[in-house]
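Understanding the architecture of this molecule
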Amino acid sequence: MPKRIGELLEENGIIDNEKIQYVLTIQKTVKKRVGDLLIELNFVTDRDVAKILSKQSGVPFKELYTYEPSKDALDAVPYNFSIQNDILPVAIENDTLMVAIADPYNERAKTMLGRFSSRPISFFVSPKSEISKNIEKFYYLAAHPIDEAINLIRENLLNNLAISVENLVNLLIESAIYNRSSDIHITPTEQTTLVSYRIDGVMHLFYALPPSIHTRIVSTVKIKSSMDIAKSNSPQDGSMSYEIFHEQYSFRVSTVPTIRGENLVIRILGGDNQIALHQIGFGERQLNMISKAIKSPFGIILVTGPTGSGKTTTLYALLQKINYIEKNVMTIEDPVEYKMSLIHQVAINEKAQVTFASAIRSFLRQDPDVMLIGEIRDEETAALATKAALTGHLVLSTLHTNDAVGAISRLSDLKIGSFLLSSSITAIIAQRLLRKLCLFCKKEYSVDDWTKKKHGITNMIYRHIGCGKCAQTGYMGRVAASEIILIDNELRLLIAENRSPTDFYEYTGRKGVKTMRDSAIVLLKQGITDLAEIERVFGV
Ligand SMILES: [Zn+2]
């Protein structure tokens, strides 16, 4: 008989008793299982739960993304049975059916599955939410192959046969989500309409459709996103939402008139894929530095980098480290990207005069302990953030700068006096995102001596190849390469004395602060990314 999940998580140091007591209080009104409430309140992830159940039961834990369920495996188990029991058949290996299961103590499901299957079954544990997402996705795709459907529509268009534009738009969005894209670009050119997806930060061309379909696609999307279809000569913005693979997605849509027609860009604001700090790509030493910074009751912690460098993800991972039962956490964001249960999140709304600055002013009257300010981009916000940090609040925010040292001069540019700056700032994290090599196709190789020497490489490293599972890109997912500066007394003094960047770099060099490029090389040696990717992001 398994122990109660709360007890197990507590014994393994994943949550403390305070959180269990909190959940037991809430459970009196919300009649749900303790395990489910712990997950809903972000106290634990279902990944934590899966790992604990695996440890307790002896059934191995495996990452679901290392499998793309095969058709014969899916055919072996009916969809309804999978969905009811949170299991997913992924492969048939040596005549054994490999099955992911969320709850290894679900004996009933295991017995019944044994009756379905003529083959021996081997179970492994995976997080419940990932299993249910993948059930929807892969059973659906096994029955409705997307590329085949899009090809058929293209053939019909070329033969002047009728097609459903609505269906085409749905397929293009499904394909984008299946390929893990963040943006869909539908671009008119002279000969064709090009459909490209941004995957892990890089654009890839997926489909070329006959140009005659372009305006019809644009009109369909405009209607769905409440834009004016009569207007095609000025830029427009809109939004729409869809359920795809049984998951709700929101989309921000924008059109810009070009000389060849309207260029359409659809940004996918996906489900809630929050990730934990240790999954972002920080090394152990860096994680310790972050934990230290986040324990400070006041001061500013800054995450810096260009747009699309994962700053918000890191901010949220930092928030997860804060005990928000004991602390009042308020955020002002543009827009709110991840929803969290126990913190108070406010979205920018210019029309209603909710700006970064006005929100901070109101927050200060709401007795906060921690404030997350989406971005510091003007003098007023910078002044208010500093003031909040100096009056006993922990402030988390982001800045657009090239590196960690750049944050100091950026805040000076925003008219924060050197003395205020030196006494308010606690830590600076600068980061860039690198694409991770696809686990299915990455290949070991040995590099030339010159490169080995340059980067201190002693073993074999990997490079990208491209396969069906990574949309031929060779990469899957991203990881951050970062540099972290904790502000110590010596640096505080340098900031107060309003020293030049050269002095700050001299300091970081002397203290052995690992640069973003250093972190990237560590990821290279671990086989997580490759040289081509490092050169793409940091230059040669
Ligand atoms: Zn691949």
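Summary of the structure given here. Only a predicted model underlies this, so the values are computations on that prediction, with no experimental measurement involved. (Residues numbered from 1 in each chain as written. Predicted model: local features only at pLDDT ≥ 70, side-chain atom pairs only at ≥ 80, totals over all residues. Heavy atoms only, no water.)

Core analysis: the biggest nonpolar cluster contains 45 residues, and Ile301, Leu318, Leu319 and Leu396 have the highest contact counts within it. Apart from the residues within four sequence positions on either side, Leu318 is in contact with Leu277, Ile290, Ile294, Ile301, Val303, Leu396 and Ile429. Within the second largest apolar cluster, 39 residues are counted, among which are Ile360, Leu411, Phe504 and Tyr507. (Core = buried A, V, L, I, M, F, W, Y, C linked by side-chain atoms within 4.5 Å. Buried < 20%, exposed > 50% of the residue type's maximum accessible area, 1.4 Å probe, protein only. Contact = heavy atoms within 4.5 Å.)

Let's shift gears to helix H16 (residues 379-390). Counted at 1.5 Å a residue, the expected span for H16 with its twelve residues is 16 Å, and the 16 Å between its end C-alpha atoms agrees. Restricting attention to buried positions, one finds in H16 the residues Thr381, Ala382, Leu384, Ala385, Thr386, Ala388 and Ala389. Residues of H16 that are buried sit in contact with strand S10 (299-304), helix H15 (356-363), strand S13 (370-373), strand S14 (394-399), helix H17 (404-413) and helix H18 (418-424). Regarding H16, its N-cap is Asp378, as a side-chain oxygen of that residue lies 3.2 Å from the backbone nitrogen of Glu380 further along. (Helix = DSSP H or I, 4+ residues; strand = E, 2+ residues; numbered from the N terminus. Expected span 1.5 Å × (residues − 1). Polar contact = N/O pair within 3.5 Å; in protein donor to acceptor, adjacent residues only side chain to side chain.)

Here strand S2 (residues 96-101) lies mainly inside the structure; six of its six residues are buried. Side chains Thr96, Met98 and Ala100 of S2 all project onto a buried face; the interleaved residues Leu97, Val99 and Ile101 project onto the opposite face, where all are buried too. Pairing analysis gives six bridges linking strand S1 (residues 87-93) to S2, with the strands arranged antiparallel. Within S2, the position partnered with Glu93 by the bridge is Thr96. Between S1 and S2, which pair antiparallel one after the other, the connecting turn spans two residues, and Asn94 there sits at a positive phi close to 50 degrees. With five bridges connecting them, S2 and strand S3 (residues 121-125) associate as parallel partners. From the neighbouring strand, Ala100 faces S3, where its bridge partner is Phe124. Taking the sense of rotation as the criterion, the β-α-β connection linking S2, helix H7 (residues 107-116) and S3 turns out right-handed. (Pairing = 2+ DSSP bridges. Right-handed = clockwise from strand over helix to strand, strands pointing away.)

Octahedral six-donor coordination of a metal ideally yields angles of 90 or 180 degrees, compared with 109.5 degrees for tetrahedral four-donor coordination. Taken together, the protein ligands of the zinc ion are Cys438 (SG), Cys441 (SG), Cys467 (SG) and Cys470 (SG), with distances of 2.3 Å. Each donor residue of the zinc ion lies on one chain, and together they are spaced C-x2-C-x25-C-x2-C. Of this pair, Cys438 sits in the loop between strand S15 (425-437) and strand S16 (443-445) while Cys467 sits in the loop between strand S17 (461-463) and strand S18 (475-486); the two residues are 29 residues apart in sequence, bridging distant segments of the chain. Residue Cys467 is classed as buried on the basis of its relative accessible area, which comes to 16%. (Donors = N, O, S within 2.8 Å, 3.2 Å for Na, K, Ca; no water.)

So, on to the packing of aromatic side chains. The final tally for this structure, using the stated rule, is ten aromatic pairs. Note on Tyr197 and Phe206: the rings are 4.6 Å apart at their centroids and 45 degrees apart in plane angle, and the pair reads as tilted. Its relative accessible area of 24% is what places Phe206 among the partly exposed residues. Taking 5.7 Å as the distance between ring centres and 90 degrees as the angle between the ring planes, the aromatic pair formed by Tyr242 and Phe251 counts as edge-to-face. Each member of the pair, Tyr242 as well as Phe251, carries the same accessibility label: buried. Taken together, the aromatic side chains of Tyr197, Phe206 and Tyr207 make up a single cluster linked through ring pairs. Positioned above the aromatic ring of Phe123, the side-chain terminus of Lys110 is 5.7 Å from the ring centre. (Phe/Tyr/Trp six-rings, centres within 6.5 Å; stacked < 30°, edge-to-face > 60°. Lys NZ or Arg CZ within 6 Å of the ring centre and 35° of its normal.)

Bringing unusual backbone geometry into the picture now. The omega torsion of the bond from Asp334 to Pro335 falls at -10 degrees, within 30 degrees of zero and hence cis. Among the secondary structure elements, Pro335 is positioned in the loop between strand S11 (329-333) and strand S12 (344-347). Phi is positive for Asp367, which is not a glycine, with a value near 55 degrees. Turning to its location among the elements, Asp367 is positioned in the loop between H15 and S13. Among the residues examined, Asp367 registers a relative accessible area of 61% and is labelled exposed.

Another aspect to go through is the sheet that holds S1. Read from one edge to the other, the open sheet built from three strands follows the order S1-S2-S3, with strand pairing classed as mixed. Only two strands of the sheet have a single neighbouring strand rather than two, namely S1 and S3. Recorded for the sheet is a direction-independent mean angle of 25 degrees between the axes of neighbouring strands. On the sheet, helix H8 (residues 128-143) packs against S1 and S2 and is oriented at approximately 65 degrees with respect to S1. (Axes fitted to C-alpha atoms, helices over the stretch in contact; angles between N-to-C directions.)

Looking now at the pattern of salt bridges. This structure, assessed with the given rule, holds 23 salt bridges. In this structure, the salt-bridge partner of Arg47 is Glu63, at a minimum N-O distance of 2.8 Å. Taken together, the residues span a long stretch of sequence, with Arg47 in helix H4 (residues 46-57) and Glu63 in the loop between H4 and helix H5 (71-76) at a distance of 16 residues. For Lys222, the salt bridge is made with Glu262, and the minimal N-O distance between the two is 2.9 Å. Taken as a pair, Lys222 in helix H11 (residues 214-224) and Glu262 in strand S9 (residues 261-269) lie far apart in primary sequence, 40 residues in all. Ionic contacts of the salt-bridge type, sharing partners, join the residues Asp488, Glu490, Glu506, Arg510 and Lys511 into one network. (Salt bridge = Lys/Arg side-chain N within 4 Å of Asp/Glu carboxyl O.)

Bringing the side chain of Ser296 into the picture now. Here Ser296 is to be found in the loop between helix H13 (284-295) and S10. Ignoring anything within four residues of it in the chain, the contact list for Ser296 reads Leu394 and Thr426.

The next point concerns a nonpolar patch on the surface. Together, Leu390, Phe419 and Leu420 line one region of the surface with nonpolar side chains, adding up to about 300 Å² of accessible area. Inspection of the secondary structure assignment puts Leu420 in helix H18. Note on Leu420: relative accessible area 41%, which makes it partly exposed. (Patch = residues over 30% accessible without salt bridge, like charges linked within 9 Å, V, L, I, M, F, W, Y side chains within 5 Å. Areas by Shrake-Rupley, 256 points an atom, 1.4 Å probe, with all protein chains shown as cover.)

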